[in-house]
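# Tertiary structure, described
Letter by letter, the chains look like this.
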Amino acid sequence: MDRPDWDEYFMEMAEVAEKRSTCIRRTVGAIIVKDNRIMATGYNGVPTGIEHCERRGCLREQLKVPSGQRHELCRGLHAEQNAIIQAAHLGQSIAGGTLYCTNQPCAICAKMIINAGIKRIVIKEGYPDELALEMLKESGLKIEVLKRMEKK
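Residues numbered from 1 in each chain as written. Predicted model: local features only at pLDDT ≥ 70, side-chain atom pairs only at ≥ 80, totals over all residues. Heavy atoms only, no water.

## Considerations on the overall build of the chain
Across its full length, the chain carries 6 helices and 5 strands. Starting at the N terminus, the α and β elements of the chain follow one another as α-β-β-α-α-α-β-α-β-α-β. Computed over its C-alpha atoms, the radius of gyration of the chain comes to 15 Å, within 12% of the 15 Å expected for a compact globule of 152 residues. When the backbone C-alpha atoms are referred to their principal axes, the chain occupies close to 45 × 35 × 30 Å. Burial analysis of the chain (152 residues in total) assigns 41% to the buried set. Across the chain, every contact between residues at least 6 apart in sequence was considered, and the portion connecting residues at least 24 apart equals 56%. Surface summary for the chain: the accessible area is close to 9,200 Å², and the carbon and sulfur share equals 51%. Averaged over its 23 positive side-chain charges, the chain has a centre that lies 3 Å from the centre of its 20 negative ones. (Helix = DSSP H or I, 4+ residues; strand = E, 2+ residues; numbered from the N terminus. Rg over C-alpha atoms; globule rule 2.2 N^0.38 Å. Buried < 20%, exposed > 50% of the residue type's maximum accessible area, 1.4 Å probe, protein only. Contact = heavy atoms within 4.5 Å. Areas by Shrake-Rupley, 256 points an atom, 1.4 Å probe, with all protein chains shown as cover. Lys, Arg positive; Asp, Glu negative; His and termini not counted. Charge placed at Lys NZ, Arg CZ, Asp CG, Glu CD.)

## Topic: the nonpolar core
Counting residues in each nonpolar core, the largest one holds 25 residues, and the members touching the most others are Ile 32, Ile 94, Leu 99, Ile 113, Ile 118 and Ile 121. Among the elements of the structure, β1 (29–34), β2 (37–43), α4 (79–90), β3 (98–103), α5 (107–116), β4 (120–125) and α6 (130–139) are those that each provide at least two residues to this core. Discounting residues that sit within four places of it in the chain, Ile 113 has contacts with Glu 80, Ile 84, Leu 99, Pro 105, Ile 118, Ile 121 and Leu 141. Phe 10, Met 11, Val 33 and Leu 146 belong to the second largest nonpolar core, which has 9 residues in total. (Core = buried A, V, L, I, M, F, W, Y, C linked by side-chain atoms within 4.5 Å.)

## Let's talk about the sheet that holds β4
Taken in spatial order, the 5 strands line up as β2-β1-β3-β4-β5 in an open sheet, and their pairing is mixed. Two strands close off the open sheet at either side, each with one partner strand: β2 and β5 (143–145). The average undirected angle you get between the axes of adjacent strands in this sheet is 20°. Bridging between β1 and β3 involves 4 bridges; their strand directions are antiparallel. If you follow Ile 32 over to β3, its bridge partner there is Leu 99. (Pairing = 2+ DSSP bridges. Axes fitted to C-alpha atoms, helices over the stretch in contact; angles between N-to-C directions.)

## What to know about the environment of Gln 81
Along the chain, the position of Gln 81 falls in helix α4. Overall, Gln 81 belongs to the buried group, its relative accessible area being 9%. Taking the C-alpha atoms as reference points, Gln 81 and Cys 109, 28 residues apart in sequence, are found 6.3 Å from one another. Once you skip the residues sitting within four places of it in the chain, Gln 81 turns out to touch Ile 108, Cys 109 and Met 112.

## Section: the packing of aromatic side chains
The relative placement of two aromatic rings is captured by the distance of their centres and the angle of their planes. Overall, the coordinates contain 4 aromatic pairs when judged by the stated rule. Plain terms: the ring middles of Trp 6 and Phe 10 are 5.6 Å apart, the flat faces sit at 15° to each other, and that makes the pair stacked. Taken together, the residues span about one helical turn, with Trp 6 and Phe 10 both in helix α1 (residues 6–18) at a distance of 4 residues. Owing to a relative accessible area of 1%, Phe 10 belongs among the buried residues under this scheme. For the ring pair Tyr 9 and Phe 10, a centre distance of 5.1 Å and an interplane angle of 65° mean the geometry is edge-to-face. (Phe/Tyr/Trp six-rings, centres within 6.5 Å; stacked < 30°, edge-to-face > 60°.)

Set out below in structure tokens:
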């Protein structure tokens, strides 16, 4: 039997959440876990009731904003933000939890993650945001890149 370990299991779930993304530039999924139980999920996309970018167009593309910069120039929320908001909406404490995300958090998400009390971050891929890495490091949070075992 080829059973995934906990990190592989939860990252696969973040990858499933990513499939719900409505962003036309980058799809991202996130899962917040505490005591090996899923507290919240998120994917990147516009707020509820707002027209999706695939219909309206991408503001960042129109303004030619490079990846990793000027996050406020976007109509959407990041996967990490949506997961934190979902936990708050459901009344779930995520303090002490682990965030699994298909990409490294940006600086805005890093600030939210730090203040939400997340204690561990596991990612699949990096993201070009040095400020996020500096703040996470200063706060004592380390980003772990999931090294997948090759399936036989």
